[in-house]
Every structure is written in structure tokens, then in C-alpha cells.
Amino acid sequence: MVSWATKLTVLSLSGQALVLAIGISLARHLSVEGFESYAVASAAFILMVTLVPQGIEKYSLKVIPPLLDRNEAGTVRAYLAFGCRRILLACVLVGVPVALVAWHADDLRPDTRVALVISCASLPAGALVHLAIEVLTALGRPFAATLIFRIVVPAIVLALIGAGFVLVPRVHGATAIAAWGAAWCIALGMMLVQIRRAVPRDVWFAPASPAPEDWAREARPFWFYRVAMAVLSQAGVVALDRLQPSASAVGAFAVALGIASITQVLATSTNRVYASRLSRLLDGGDLAAIAALRRARLRWIALPLAVWLIVVLVFARDILSLFRPEFAEDGTMPLRLLAICIAVTTLLSVEPTYFKHRDRNRTLFRSVIAATVLELTLLAYLVPAHGATGAAIAYGVAMTLLYIHLARQAHLDFREIPAG
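A short tour of the structure in this document, coming up. (Residues numbered from 1 in each chain as written. Predicted model: local features only at pLDDT ≥ 70, side-chain atom pairs only at ≥ 80, totals over all residues. Heavy atoms only, no water.)

1. Topic: the overall build of the protein chain
On a plain count of helices and strands, the protein chain comes out with 15 helices and zero strands. Counting over 420 residues, the protein chain shows a buried share of 56%. Excluding contacts between residues fewer than 6 apart, the proportion of contacts in the protein chain whose partners are at least 24 apart in sequence is 84%. Carbon and sulfur atoms form 66% of the exposed surface of the protein chain, whose accessible area is close to 17800 Å². (Helix = DSSP H or I, 4+ residues; strand = E, 2+ residues; numbered from the N terminus. Buried < 20%, exposed > 50% of the residue type's maximum accessible area, 1.4 Å probe, protein only. Contact = heavy atoms within 4.5 Å. Areas by Shrake-Rupley, 256 points an atom, 1.4 Å probe, with all protein chains shown as cover.)

The following block contains the structure:
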């Protein structure tokens, strides 16, 4: 596990460094209002790109590996077609109304309106890329998927933004969002080439099996969880934009959240492969292998997680100053709070995957709903008075309690699995 985990993490951390460079460049070259427009449009895109796949992308890691093991090529082909159709339809149903509302919203700055419309136009490519990375991982090509998703996409954005700074007198927040849209389109083409190479030849020639009606139903828990996590992570940005008049506070919180979330790469870079393996092990009831996989992951992730946490806690102000001096004033305490919270949730990040693959959806749903209600309530009370720090407290309390509760429930449930 250490070998592939290390390789995936190096790729993901390199990509995160590129994203950090993008954030620093934009924070330094855009006005405070322009960076706020970029942050708000980015948050909206994250919410939409989480919503429209309907869990189909994450469900791929559960359904495709067993189908390949059983040589059900026609069913794999039907699933891929099913996923693309559902996602593209959802992009229309979500993207068009959001774009219309944003364009006619009088309380938004012109730059923010344009940035939101561009985010909606980029949605189909972005959503299909998110499906493609999971499909490629399920097909046994996690490195190619991670390389495109984590390295190629931000590298293209950084190159386009750099060119914009040289060629355009003034770069706006909408310009940066357009760079992301172009990168998603290029990445989608590269992903399709990789999928074409990775899919067994008989998939394209086997008779297409009818799409099982339960695919959409079984994907819903994955969908619900991703949407809830996106709401939990981006609600602070939206709440600050609505309840706190300071554009600096919005930008500082968005930057602090991005920096603290770097540790999540330690989990997301490996959890896709973990989920694919877990699907097979649970299907066979191999409890010893499941336990060994979980222990190996914890041993591998604990040390780098601790090192990063210490760095952020000690140098929080200096890190934020790389973006804008005013962000250091508004974001130092939020960054420290978010770093502690995200370190805990990263360590325990496989617990929701376990519940989804065990079909223990009721426990997961209740826990996530409770955490969402708790965060929104805390945001309403804390943001007006405490700004970015209040948003960080709300997020930290809700997420930490959620993951600790899920870890406890997973430990109890694991003992009930019948051995294969």
C-alpha cells in the first residue's frame, strides 16, 4: 500500500502546490473585490459540480470492479452511457437556472455575475471530468487519472492566468474562472483518451445490457454525502458573503480553508483506490484484509499529517501573508482552527466510505444532516459578530463531531460483519 499511496500523494501534493500558486497569484494581482468574486464563483462551481453527478461518479468505484471481475462487459458499457446521460441532463437542469438567477441578481457585482455564469457554462466539462477520474481509477489507472486531475488541470489554469497578466491590462475574477473552464475542457479530452485505452476491448463490442433501475437509487447515498460535504465546506464562504460586509473576510476565509484543506490530499489521493479494494474485500467478507488495509493507511497518513499541522499552526500568519497582508489579519485564527479540524477529519476520512459500501445509509444520513444543521445554525449566530473566525468555528465544530461519531459507529458495525 505504501508504494502506490506514496506515488499518488506525491502527484496530489504537487497539484496542490500548483493550486496554491494560483491562489497566491490571483490574491496578489486581483483587487480584493475581484478575489471575492473569484472565491464566490469557485464555491458555487464546487457545489454544482458536486450536485450534478448524483453520486454516479463515486458509485463507479463500487460497481465497476465487480462487473469487470465477472466479465460483464455489456453492463460496464451500459453503466458508462447511463452515467454520462444523467450527468449532462443534470448540468442543464442546474446550470441554466443558476446562470439566469446570477445574471439578474441586482445585489451582485458585475464581475461576480459574469464569473458565476462562466462557472455554469464550465459545469458539463467539470462534472464529466469528475466522473472520469473515478472510472479510470476503477479501471485500474489511478495514476493517469490523478496526473490529469491534479497536475494538468491546475497547470493549464496557471499558464492561462500568467498569460492573462502579461497580455491583458487588468485581469478580473471572471477571467480566472474562465481559465478553469478551459482547463476542464482540455482535461475531459485527455480523460476520454485514457478511458478508451483502459477499458477492455470487449466492452465496446459486447451487447449493451439494459441499465439496472437500482443504479440511480444505489448511487444516491454517495450523492447525498458529497453534496452535504460540499455544503459544509463552502457554507462559510457563502455565509460571509451574505452576512459579513467585509470582502477581505470572505477572501481570508476562502484562502484559509484552501490552505488547511491541503492535508485532505493525503486522503483523497488514496481513498479512491482504497474504496475500489474495499468493495472487493467486503464482497468476499475478508475481515482480516479489511482491518490490515485500514491499519496500513493510518500508519502511513499519521506522520505527514502531524508535520503539516505543526507547520500551519506555527507559521499561519506568514503563510497567509503570501496571499495578501490583510488576509493575515483576518485569517490567522481561522486557519489554525480549520487546520486542526481538517487534520482530524482527514485521519478519519475513510469511515463514510465504509458506511456507503456497507449500505448503512441511515446512520450516515442522520449524522450528516445533524452536522449540516449544526453548522448552519452556528454560522447564523457567529458570522455577523466574529466574521471569518466565527465561520471557522462553525465548520470545525460540526465536522469534528461528525467524523468522531462516524468512526465510533464504524468500529461497532465492523464487528458485526460475517467472516467470508
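Let's pick the thread back up.
2. Structural notes on unusual backbone geometry
One non-glycine residue, glutamine 54, lies in the positive phi region at around 60 degrees. Along the chain, the position of glutamine 54 falls in the loop between α2 (32-51) and α3 (56-69).

3. Details of a nonpolar patch on the surface
On the surface, a nonpolar cluster with roughly 700 Å² of combined accessible area is contributed by Leu303, Val307, Ile310, Val311, Leu313, Val314, Phe315 and Ile340. The greatest single-element share of the nonpolar patch, amounting to seven residues, is contributed by helix α12 (residues 287-321). A relative accessible area of 48% places valine 307 in the partly exposed class. (Patch = residues over 30% accessible without salt bridge, like charges linked within 9 Å, V, L, I, M, F, W, Y side chains within 5 Å. Salt bridge = Lys/Arg side-chain N within 4 Å of Asp/Glu carboxyl O.)

4. Describing the nonpolar core
Proteins that are soluble and globular tend to have nonpolar side chains buried together. Among the nonpolar cores identified, the biggest contains 118 residues, and Tyr38, Phe253 and Leu402 are the most heavily contacted of them. Ranked by residue count, the leading element in this core is helix α15 (residues 361-414), at 15 residues. Not counting residues within four places of it along the chain, the set of residues in contact with tyrosine 38 comprises Ile22, Leu26, Leu30, Gly173, Ala176, Ile177 and Trp180. (Core = buried A, V, L, I, M, F, W, Y, C linked by side-chain atoms within 4.5 Å.)

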